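Here is what each chain is made of, one letter per residue.
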Amino acid sequence: MTSNKSYAKSPLFTVVRTQLYSLRMVLILFGVVLFCLPLLAGFLMLEPAFLNPDSNWNSYNSFYIEMQGRVMLFAGMSPLLGFAAALAAGQFSYLHKRQMLDFYHAVPVRRTPLYFGRVLLGGAALVLGALLVVLSQVLVVAIQFATATVGGNLLADVYGAIWMNGAVMALYALAAYLFTVLVFVATAALWEAVVSFLVLSAAYPLTALLVLRIMESSFLLPGFSDDILSLTLFSPFLTGFAYQYNALFNAPQDAWVLPLLLAQILVCGAVSFWIFRRRPSERAESGEETWFRRVVRFCAAATGAFLGSWTFLFVTDSYPGYLLGAVLGAAAAWVLMELLYAHTLRGLLKKLPASAAGLAAFAVVNVLIAFGFGSLQLPAVDAVDAVSISGGIRSGDTGAALTNVNGSAAVFTESGVHFVETASFDDAVVEETHALLQEMLEYQRDTYFPYHPTQAMRLSDYTMLDETKEQYRVWISLYEDGEQRHVAFAGARENDGVAAIYAHAGEIVQDPLYTQNNPELALLDALEAIGKESAGPGMTLVLSEAEKEAVSAAYRADLLAAPRETAYTMDKDTAMENYCLYFNGDVALTMQGGIVDGRYPAVGMTCTLRPQEEGQEAYAAEESRYLDPRNYPETVAAMEAIWASHGMSD
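Residues numbered from 1 in each chain as written. Predicted model: local features only at pLDDT ≥ 70, side-chain atom pairs only at ≥ 80, totals over all residues. Heavy atoms only, no water.

## Remarks on the packing of helix α6 (residues 154–186) against helix α10 (residues 257–278)
In step 1: Running from N to C, α6 and α10 point in directions that differ by 25 degrees, and their axes come no closer than 8 Å. As the angle between them shows, α6 and α10 are arranged roughly parallel. The interaxial crossing formed by α6 with α10 has left-handed handedness. On the side of α6, the interface is formed by V168, L171, Y172, L174, A175, L178, F179, V181, L182, V185 and A186, while α10 contributes V257, L258, L261, L262, Q264, I265, C268, G269, V271, S272, I275 and F276. (Axes fitted to C-alpha atoms, helices over the stretch in contact; angles between N-to-C directions. Helix = DSSP H or I, 4+ residues; strand = E, 2+ residues; numbered from the N terminus. Parallel < 35°, antiparallel > 145°, perpendicular 65-115°, else oblique. Left-handed = near helix turned anticlockwise from the far one by under 90°. Contact = heavy atoms within 4.5 Å.)

Structure (structure tokens):
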């Protein structure tokens with residue numbers, strides 16, 4: 001019996017089916033590209049040796065995953081984002097053609113299924129595109145390791161990373177797709193959509209980057225740094241490339257990436273649907289001024305103001321020039337956008353409010369900066385787990401480090417290799433360092449308030465390019481919940497405030513509560529031999545117990561002594577000497593302080609300088625220390641005395 005039901009009567013299904021048929025060739029083309037391009041790149045760029053199945057070194061596992069992620073992001077993400085933009089343009093460009101728009105609106109289908117039918121097909125196509133990229137990489141890994149025996153869970157980790165990258169790619173593509181849909185739905189013509197897309201995509205990243213440069217030029221201690229994801233926060237199409245950037249430089253991805261993507265998807269989807277539902281049919285090919293055009297004008301004027309101000313600051317190095325550049329930049333954007341939209345300047349004054357608002361945004365940002373917005377904000381003392389301090393003196397061609405105490409060491413435990421650095425968890429040291437930072441901020445305020453970018457050449461960091469300047473420099477690292485924040489301070493030596501800050505830093509690093517955290521002090525328990533390389537054959541001497549005590553005492557004295565100011569360049573004879581301490585990598589060491597892997601206190605940790613477990617990263621072993629004779633005079637003198645006692649002196 002023939003059924004009386006027709007499943008084609010569903011408007012949503014009808015739209016999906018119609019879109020699938022009309023876009024079938026585009027979908028097939030991009031499907032082939034999204035599978036074949038990453039597949040080819042994977043075979044060309046990845047090698048099974050990266051995973052090193054014979055030794056199963058964790059570092060090689062990470063390297064293979066890193067390289068494989070780059071293949072997916074560059075050979076997969078880039079075409080997928082291009083596919084997202086092309087797909088959105090193909091689906092919603094009919095809104096810019098009056099005849100085609102009249103036809104679609106004459107069809108007895110409501111706007112809700114018209115919108116969601118297209119978006120549903122577009123979203124499904126992008127998810128399938130990301131899936132094709134994932135399957136291409138799964139195939140690469142399967143073929144490369146078809147005959148190789150890989151121990152442990154190394155391949156499982158690789159496959160897990162592939163699927164994770166694929167999921168992130170799909171979310172980025174959906175955000176970029178819905179952003180493009182929003183632009184096409186809100187504009188009246190194809191050229192307007194292209195202009196709006198470019199302006200909105202570039203406005204926030206460029207403006208945010210220039211604001212950061214202005215802050216750096218206004219503050220001795222800026223509180224913000226370039227974070228590529230933050231720079232693309234309101235530019236969904238570029239956020240995917242920000243992820244690529246971090247992957248290229250092996251930078252950690254922020255924890256808020258996923259919430260950001262979901263927010264971009266929801267906001268762009270909701271706003272585009274709202275506009276689509278309310279959009280009048282007469283808007284196609286019209287020159288009507290809409291709220292969306294005013295938003296684009298505002299973004300263009302704000303970006304023009306910041307770009308013009310920074311350009312004139314570079315040329316004139318004056319505050320009036322800086323402000324003049326902002327006005328001219330905003331005016332140029334005002335005129336240019338009017339020419340693009342209206343093709344005439346007759347209505348230019350009527351469009352002034354949106355562009356004036358962009359210039360006002362520039363003024364607001366600069367007022368906030370003048371009163372300290374963007375300067376370093378100190379965390380609460382209780383929020384800081386540990387601190388480390390370094391620095392030095394620069395005076396022409398001479399200089400000295402603030403301290404020799406800041407050592408580091410790569411050590412091994414049963415869990416693998418770890419990196420130990422000098423840092424103090426002591427509450428008294430943390431509080432004193434916090435007070436030092438507060439002193440730095442007070443100096444900044446007393447010297448530079450109100451803040452503005454014309455002070456760039458007065459800020460001490462810029463004088464680092466001038467080798468004739470005499471400077472004190474102090475670097476502080478704050479460790480908070482596993483995160484490390486760096487603070488850099490520099491100032492002229494003749495300035496009493498700067499000299500007081502440098503002296504305060506010197507007092508902290510000479511405090512036994514701080515010096516005991518140098519991991520190199522613990523290495524002396526494994527001291528075994530000394531060596532010297534010169535123009536002739538090197539000399540190596542295994543030490544007796546008494547000689548070990550003498551060298552260790554001299555080494556401790558050099559580490560804890562205040563460094564002397566010496567010339568940067570050594571004379572030829574001194575430069576040829578290379579003094580070295582050799583340690584027994586199998587001797588168990590107990591750390592007296594420091595920080596492990598930038599997170600945990602090292603005190604009490606038992607370790608060695610050489611791997612004790614099979615398969616650990618032997619290449620990371622550090623069983624020697626080379627000494628600069630200028631910074632370790634006591635140690636070098638003790639070594640020379642021992643060589644002389646053995647008849648081995650020059």
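What follows picks up the thread again.
## Considering the nonpolar core
In step 1: Counting 80 residues, the largest nonpolar core has L80, F83, F92, L126, Y177 and F276 as its most contacted members.
In step 2: Sort the elements by how many residues they give to this core and α6 lands first, with 20 residues.
In step 3: Among all residues touching L80, those that are not within four sequence positions of it are L34, L126, G129, A130, M169 and A173. (Core = buried A, V, L, I, M, F, W, Y, C linked by side-chain atoms within 4.5 Å. Buried < 20%, exposed > 50% of the residue type's maximum accessible area, 1.4 Å probe, protein only.)

## Quick word on the environment of R625
In step 1: Looking at where R625 falls in the secondary structure, it is placed in strand β15 (residues 624–627).
In step 2: The exposure class of R625 is buried, given its relative accessible area of 10%.
In step 3: Considered as a pair, R625 and L523 are 102 residues apart in the sequence and their alpha carbons are 9.9 Å apart.
In step 4: Setting aside its immediate chain neighbours within four residues, R625 contacts S408, A409, E520, L523, Y579, C580, L581 and F583.
In step 5: Only 2.8 Å separates the side chain of R625 from the backbone oxygen of S408, close enough to count as a polar contact. (Polar contact = N/O pair within 3.5 Å; in protein donor to acceptor, adjacent residues only side chain to side chain.)

## Thoughts on the side chain of H504
In step 1: Within the element layout of this structure, H504 appears in helix α15 (residues 496–510).
In step 2: On the basis of relative accessibility, which here comes to 11%, the residue H504 falls in the buried class.

## Overview of a negative patch on the surface
In step 1: On the surface, D382, D427, E431, E432 and E507 cluster together to form a negatively charged patch.
In step 2: At three residues, helix α14 (residues 427–448) tops the list of elements feeding residues into the negative patch.
In step 3: Here D427 lies in helix α14.
In step 4: A residue is classified by how much of its surface remains accessible, and D427, at 57% relative accessible area, is exposed. (Patch = residues over 30% accessible without salt bridge, like charges linked within 9 Å, V, L, I, M, F, W, Y side chains within 5 Å. Areas by Shrake-Rupley, 256 points an atom, 1.4 Å probe, with all protein chains shown as cover. Salt bridge = Lys/Arg side-chain N within 4 Å of Asp/Glu carboxyl O. Lys, Arg positive; Asp, Glu negative; His and termini not counted. Charge placed at Lys NZ, Arg CZ, Asp CG, Glu CD.)

## Here we look at the side chain of Q19
In step 1: Tracing the backbone shows Q19 in helix α1 (residues 11–22).
In step 2: On the accessibility criterion, Q19 (6% relative accessible area) is buried.

## Section: the sheet that holds strand β3 (residues 408–413)
In step 1: Read from one edge of the open sheet, four strands run β3-β4-β12-β13, paired in antiparallel fashion. Unpaired on one side and paired on the other, β3 and β13 (600–601) mark the two borders of the sheet.
In step 2: Here β3 runs beside strand β4 (residues 416–421); their pairing, made up of six bridges, is antiparallel. Along β4, the bridge assignment pairs F412 with V417. (Pairing = 2+ DSSP bridges.)

## With respect to helix α7 (residues 190–218)
In step 1: Taking 1.5 Å per residue, 29 residues should reach 42 Å; α7 reaches 42 Å between its end C-alpha atoms and fits that length.
In step 2: Along α7, the helix axis deviates most sharply at A203, where the bend reaches about 30 degrees; the proline P205 sits within four residues downstream. (Expected span 1.5 Å × (residues − 1). Bend = angle between axes of the 7 residues up to and from the residue.)

## Overview of the pairing of β4
Moving residue by residue along a regular strand, the side chains alternate between the two faces of the sheet.
In step 1: Once β3 ends, the chain turns through two residues before running back antiparallel as β4.
In step 2: Bridge count between β4 and strand β12 (residues 595–596): two bridges; the pairing is antiparallel. Residue V420 lies in a different strand from β12, and its bridge partner there is V596.

## Description of the packing of aromatic side chains
In step 1: Per the stated rule, a full pass over the model turns up 23 aromatic pairs.
In step 2: A ring pair is formed by F30 and F83, whose centres lie 4.4 Å apart and whose planes are at 20 degrees; its orientation type is stacked. In this pair, F30 sits in helix α2 (residues 24–45) while F83 sits in helix α3 (residues 58–92), placing the two residues 53 residues apart along the sequence. Summarising the burial analysis for this pair, F30 and F83 share the class buried.
In step 3: For the pair Y319 and Y322, a centre-to-centre distance of 5.8 Å together with 20 degrees between the ring planes defines the contact as stacked. Of this pair, Y319 and Y322 are both found in helix α12 (residues 319–342), three residues apart, which corresponds to roughly one turn of the helix.
In step 4: Here Y322 falls in the buried class, since its relative accessible area comes to 0%.
In step 5: Through successive ring pairs, a cluster of aromatic residues spans F92, Y115, F116, F273 and F276.
In step 6: Looking at R24, its charged tip hangs above the ring of Y21, at a distance of 4.0 Å from the centre.
In step 7: Here the guanidinium or amino end of R445 rests over the ring plane of F449, the centre of that ring lying 4.2 Å away. (Phe/Tyr/Trp six-rings, centres within 6.5 Å; stacked < 30°, edge-to-face > 60°. Lys NZ or Arg CZ within 6 Å of the ring centre and 35° of its normal.)

## Description of the confidence of the model for the protein
In step 1: Summing up the model confidence of the protein, the mean pLDDT is 82 and the portion of residues at 70 or higher is 83%.
In step 2: Between the elements of the protein, mean pLDDT differs from a low of 45, seen in helix α19 (residues 572–576), to a high of 94, seen in helix α13 (residues 352–370).
In step 3: Below pLDDT 50 for its whole length, residues 53–61 participates in 23 contacts with residues either more than four positions away or in separate chains.
In step 4: Every residue in residues 460–465 is under pLDDT 50, and counting partners more than four places away or in other chains gives 17 contacts. (pLDDT = per-residue confidence, 0-100.)

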